[in-house]
Every structure is written in structure tokens, then in C-alpha cells.
Amino acid sequence: MKVVIDREACVGCGLCVEACPQVFDLDSENKAVSKMDTVPKDIEKACRDAASECPVDAIKCE
Ligand code: SF4
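Description of the structure in this document. (Residues numbered from 1 in each chain as written. Predicted model: local features only at pLDDT ≥ 70, side-chain atom pairs only at ≥ 80, totals over all residues. Heavy atoms only, no water.)

### Comments concerning the environment of aspartate 42
Rule in force here: Comment: elements are numbered from the N terminus, with helices defined as DSSP H or I runs of at least four residues and strands as E runs of at least two. Only protein chains enter the accessibility calculation, which uses a 1.4 Å probe; a residue whose area is less than 20% of its type maximum is buried, one above 50% is exposed, and one in between is partly exposed.
With respect to the secondary-structure elements, aspartate 42 resides in the loop between strand E3 (32-34) and helix H2 (44-53). Exposure remark for aspartate 42: the relative accessible area of 68% places this residue in the exposed category. Along the chain, aspartate 42 and glutamine 22 lie 20 residues apart, while their C-alpha atoms are 11 Å from each other.

### Some words on H2
For clarity, the threshold we go by: Regarding the arc, it is the one traced by the directions from the helix axis to the C-beta atoms. The contact definition used throughout considers only heavy atoms, calling two residues in contact when any of these lie within 4.5 Å.
Along H2, the residues that are buried comprise Glu44, Cys47, Ala50 and Ala51. For H2, the angular spread of buried residues about the axis comes to 120°, placing them on one side. More than 90 degrees from the buried face of H2, the exposed residues found are Lys45 and Ser52. Where H2 is buried, its residues touch strand E1 (3-5), helix H1 (15-19), strand E2 (24-26) and strand E4 (59-61).

The structure is reproduced here in C-alpha cells:
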């Protein structure tokens, strides 16, 4: 699974980092970034949970 983050939409709330710190981090501009290109199977659920918690729907799991 791949994760795509809409940095324009991201408001830097940090919820995705709390939900799935293995995948998400905040950069120096307080925007979410993905730490990996391909999300391993064992953390796909946490990654999807992070996407569903995003208040501005900026995370897509593909
Ligand atoms: S949950 Fe959404 S708005 Fe909040 S930091 Fe993550 S991508 Fe940005």
C-alpha cells in the first residue's frame, strides 16, 4: 500500500503521527510527511486509521 499526503490541505494537527508514528511525521513546516514509500502489511490498518482521523481528509491510502 502507498500513502499520499496532500500537503496543501494538511493543517499540521499531528493526529496522523499519533495514530501511526511508523509512517507519519511532521516536517519543519509542520506539514505531514510519509517516512516510507510503501507501507508494510502489518501497519496498513494503523495507516488507514490515521487517514480516517485526518480532519481535512489529506491522506489517501492506495
Ligand atoms: S492528520 Fe491530516 S491535517 Fe493532521 S497532520 Fe496529519 S495529514 Fe496533516
